[in-house]
Amino acid sequence: MNIPLLDLNRQYRAIRPEIEAAIARVVQSGRFILGPEVEAFENEVAAYCGAKHAIGVASGSDALLLALRAAGVGPGDRVITTPFTFFATAGAIWNLGAVPVFIDIEPQTYNISPQALAEALESSTDLQERAKAIIPVHLYGQMAEMDPISEIARRYELTVIEDAAQAIGAEYRGRKAGTVGRLGCFSFFPSKNLGACGDGGMIITDDDELAEKLRLLRVHGSRPKYYHQLVGYNSRLDALQAAILRAKLPYLDRWSAARAAHAAGYDRALAELPGIETPPVAPERTHIYHQYTVRVLGGRRDEVRKSLKERGIGTGIYYPLPLHLQACFASLGYREGDFPQAERASREVLSLPIFPELAEEEREYVVSTIQQVQRAD
Ligand SMILES: Cc1ncc(COP(=O)(O)O)c(C=O)c1O
């Protein structure tokens, strides 16, 4: 068998007429940038999440950049986040001249540790003074522990910007990802649970002023056209992507439920297997399983990955090097050993094939292959 980590073609084949109708509608309309499709999609995402405003932008990376700008983050400000995330989270901070401050993760959820966050702030008056915002990341589709994070943020007057790029539709205590902080950011990168046929992103907020500022920032600060209120960016969600995403949004919950069913299947089959740790879901959360990520213990992750590849199974490593150890951040002065949980995770995590259209036999083949590989020693 040949089982890729992700097969987007199967989704396309299942809803092809709807996607093609959406594309044709936009091409015939001649409206390609912003316009009614984008507005309609913004309204639909706002309603889906339970947010007042949604602002479509060019990518998840830009969503973070514009959210930080709208929150008033600028040169020299400190922005707290996790070192165990996709690069864009810290890249956005850096690109504004602000300084990412990393805090270690919880080993169970891989998300920023509220306890480590509280300790870091309590022990540094410099950080208390300079920190302006915090970006919790809802990694793999499971939300961070938002109540204590929000409480700490209130205490130190930090703006909470959720990086919900991997977690659209996930919930924490009945609240959807992106709606707990002041701003929430999504990515519609093709491999995401809600993926475009290209790049796309969105910011949600209940704050009228921030929404207004974001709408200006994405069009070079221009209002009316050619009169610039501030220096912004060209960062717009295009109408083709919005139309395609509108066709997909009604399926999102079904797709996430199908992922969760696969996750439950993997959990059942792998929970007792020595040397493998399945991903626990923390209380009061729904996980949308953007990734199904196990830990491979005993230093065998890369070996197991290679054996699976030889037997036709695609896997992923998200992420092999935590951000505090990336060459481009050397000047921040972090060292190996600073964040033991993130570093351990980067050596142990392995994401298995999970997507709604994955067949049960395929999942069973992945399971039996892992069992074989693990028991061979
Ligand atoms: C956690 C996280 N943040 C930010 C991004 C950036 O999104 P994009 O690729 O749409 O720029 C991604 C995805 O790629 C992500 O997974």
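Note: the structure precedes this text.
Residues numbered from 1 in each chain as written. Predicted model: local features only at pLDDT ≥ 70, side-chain atom pairs only at ≥ 80, totals over all residues. Heavy atoms only, no water.

Chemist: Just give me the short version of the sheet that holds strand β10 (residues 276-277), but keep the residues and values in it.
Modeler: With antiparallel pairing, the three strands of this open sheet are ordered in space as β10-β12-β13. Two strands close off the open sheet at either side, each with one partner strand: β10 and β13 (349-352). Relative to β13, strand β12 (residues 292-296) is paired through four bridges, and the arrangement is antiparallel. The partner of R295 across the bridge, within β13, is V349. Set on the sheet, helix α10 (residues 252-270) makes contact with β10, β12 and β13; between it and β12 the angle comes to about 20 degrees. (Pairing = 2+ DSSP bridges. Helix = DSSP H or I, 4+ residues; strand = E, 2+ residues; numbered from the N terminus. Contact = heavy atoms within 4.5 Å. Axes fitted to C-alpha atoms, helices over the stretch in contact; angles between N-to-C directions.)

Chemist: Go over the sheet that holds strand β4 (residues 131-135), please, and point to the residues and values.
Modeler: The seven strands lie next to each other as β1-β9-β8-β5-β4-β2-β3, forming an open sheet whose pairing is mixed. At either end of the open sheet lies a strand with only one pairing partner, and these are β1 (53-57) and β3 (99-102). Adjacent strand axes in the sheet meet at a mean angle of 25 degrees, parallel and antiparallel pairs treated alike. Across two bridges, the pairing between β4 and strand β5 (residues 159-163) is parallel. Paired with I134 across the two strands is V160, which belongs to β5.

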